[in-house]
Amino acid sequence: MPNRVLFFFYLLLLLGCSSKETLIWQKGNIHTHTLWSDGDAPPETVVNWYKENNYQFLALSDHNILSEGEKWIPVVDEEDSSKWPPPFSLEKLNKLKKEFGDDWPELRYVGDTLQMRLKTLKELKDYFEVPGKFILIPSEEITDAFEKKPVHINAINIQTLLHPQGGESVLDVMQRNLDAILHQRQETGQPILAHVNHPNFGWGIVAEDLMQLTGDPFFEVYNGHPGVNNWGDDAHPGTDRMWDIILTNRLHTNKNLFYGVATDDSHAYYDFGVGKSNTGRGWVMVKSNALTPSSIVRALEKGDFYSSTGVTIDNIKLSNNNFSIQIQPENDVRFMTQFIGTLKDFDPKATPIVNDEDFPSHVAHVYSQDIGRVLYETSENPANFIIPDDVLYVRAKILSTKKHPNPFSKGDAEMAWVQPVVRPSKKNQ
Ligand SMILES: [Zn+2]
Ligand SMILES: [Zn+2]
């Protein structure tokens, strides 16, 4: 009977579809500040911006605090931009009422001072979350230092507050905080992602420290805060260069890959422009079959994501050593994909890119030109590259001709970073 045949055909098709996982790109920012620490806006204003701008997840990561318990802030009559964060003003309170209704803010007087209670993460989740569409991930920027060198580490999907652990060196401070995160992860059974923030902020963290870390943390290859020196300077490598130095050393010494995220590190929600730490500069696109804190963290940990400041990627595929990246086309925009890596027989003593004298002797050798070479670049889309036998890793960077609408530094064009891969071993093919 043809109808019956058709019915079974459809049934098979349905079964086939439902057993196959649907992976969807989910957009998120995992570094965000609010009035709970040094952001200039209440958390609901911040969350609302990201939700309205088509993000699927957001991590509010204030300094050494979780958005829980009771916190009241003063509301002042006049704007005062001489301090950071500027005190919350009546004008901003009126904006908030306009956005959320007159009854939304909880206010009180203590003596003559008007105060507003900050909404907790629980309240924000109840108001903003939509299953499968938008979630908030509990997070903290563990804010530590060693001898005035800032050491900031984000813990994404943290369950209880972690205090900065301190230590005997920058490396020790990083490792002790990472160990504390790992300990909480083991105790709670919840996946918690650690990423080391803005290494070049205050020139606090060098590649030689990052390469030694255990516990497989990530780092910020891009942070949107204007004060963090993403691109380095004459005496310090930029974060992209640091990434290759770290990857080369880690894989040369049989350690794991090291992933790089892009984040906003947003603080300023009222004034926009170069020099302000605004929303919408850097984000991660995570390929996940579900939208929950643990599914997002697990997908990040598998490397199933890319980092972007504007370029959108439709597909990243690695099969039979063919590394293939399909970029979403845009009118009048040209793209260049660079496949970057280091050969296994790299010469650590090869001519440094810059003069050794500019650098401390213990780091000079890692500036060999052999580290992080552009192995192949193409303007074809999709961009395809057969990973050779003799590389330690390959990562990809997509350059665009489109200028960023609100860049980290003047003139920046949009970019994306695809996570590094190693050539799949023969037995896994
Ligand atoms: Zn920071
Ligand atoms: Zn921050």
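Keep in mind that what you see is a predicted model, and the values were worked out from it rather than measured.

1. Points about the pairing of strand β8 (residues 149-156)
Burial runs high along β8: six of the eight residues are buried. Note that strand β7 (residues 135-146) and β8 share eight bridges and pair antiparallel. If you follow T143 over to β8, its bridge partner there is H152. In textbook terms, the turn of a hairpin is the stretch between consecutive antiparallel strands, and for β7 and β8 this stretch comprises two residues, one of which, E147, has a positive phi near 45 degrees. As paired elements, β8 and strand β9 (residues 193-196) share four bridges and run antiparallel to each other. Bridged to A155 within β9 is A194.

2. Considering helix α5 (residues 170-188)
Under the 1.5 Å per step criterion, the end-to-end length of α5 is 27 Å for 19 residues, consistent within 8% with the ideal 27 Å. Buried within α5 are the following residues: V170, V173, M174, N177, L178, I181 and R185. In a view along the axis of α5, the buried residues occupy a sector of 125 degrees, so they form one face of it. Those residues of α5 that are exposed and angled more than 90 degrees off the buried face are H183, Q186 and E187. In this structure, the buried residues of α5 make contact with β7, β8, β9 and α6 (207-210). Remark: G189 follows α5 within two positions and exhibits a positive phi of approximately 75 degrees.

3. Quick notes on the sheet that holds strand β4 (residues 88-89)
Sheet strands associate in pairs through backbone hydrogen bonding, adopting either a parallel or an antiparallel arrangement. Taken in spatial order, the four strands of this open sheet run β4-β3-β6-β5, and their pairing is mixed. Two strands lie at the open edges of the sheet, namely β4 and β5 (107-110), each paired on one side alone. Bridge analysis of strand β3 (residues 72-76) against β4 gives two bridges, and the strand direction is parallel. Paired with V76 across the two strands is S89, which belongs to β4.

4. Re the environment of P164
Positionally, P164 belongs in the loop between β8 and α5. Residue class for P164 comes out partly exposed when judged on the 18 C-beta atoms lying within 10 Å of it. It is 9.6 Å that separates the C-alpha atoms of P164 and E141, two residues lying 23 residues apart in sequence. Here P164 is in contact with N64, I142, T143, D144 and N177, once residues within four sequence places are set aside.

5. Structural notes on the sheet that holds strand β18 (residues 383-386)
If you walk across this open sheet you meet the three strands as β14-β15-β18, and the pairing is antiparallel. Sheet topology places β14 (313-319) and β18 at the edges, where each strand pairs with a single neighbour. Direction aside, neighbouring strands of the sheet carry axes that sit 10 degrees apart on average. For strand β15 (residues 322-327) and β18, the ladder comprises four bridges, and the chain directions are antiparallel. Residue pairing for β18: S324 is matched across the bridge by N384.

6. Re helix α7 (residues 239-252)
Side chains of residues three or four places apart in an α-helix project in the same direction, reflecting 3.6 residues per turn. The end-to-end C-alpha distance of α7 is 20 Å, a good match for the 20 Å that 14 residues give at a rise of 1.5 Å each. Along α7, 11 of the 14 residues are buried, which leaves the element largely enclosed by surrounding structure. Taken together, the buried positions of α7 are occupied by T239, M242, W243, D244, I245, I246, L247, T248, N249, R250 and L251. Packing partners of the buried residues in α7 comprise α6, β10 (218-223), β11 (260-263), β16 (335-343), β19 (391-403) and β20 (413-421).

Basis of the calculations
Residues numbered from 1 in each chain as written. Chains lettered and ligands numbered in written order. Predicted model: local features only at pLDDT ≥ 70, side-chain atom pairs only at ≥ 80, totals over all residues. Buried ≥ 20, exposed ≤ 12 C-beta atoms within 10 Å, placed from the backbone. Helix = DSSP H or I, 4+ residues; strand = E, 2+ residues; numbered from the N terminus. Pairing = 2+ DSSP bridges. Expected span 1.5 Å × (residues − 1). Arc of directions from axis to C-beta. Contact = placed C-beta atoms within 7 Å. Axes fitted to C-alpha atoms, helices over the stretch in contact; angles between N-to-C directions.

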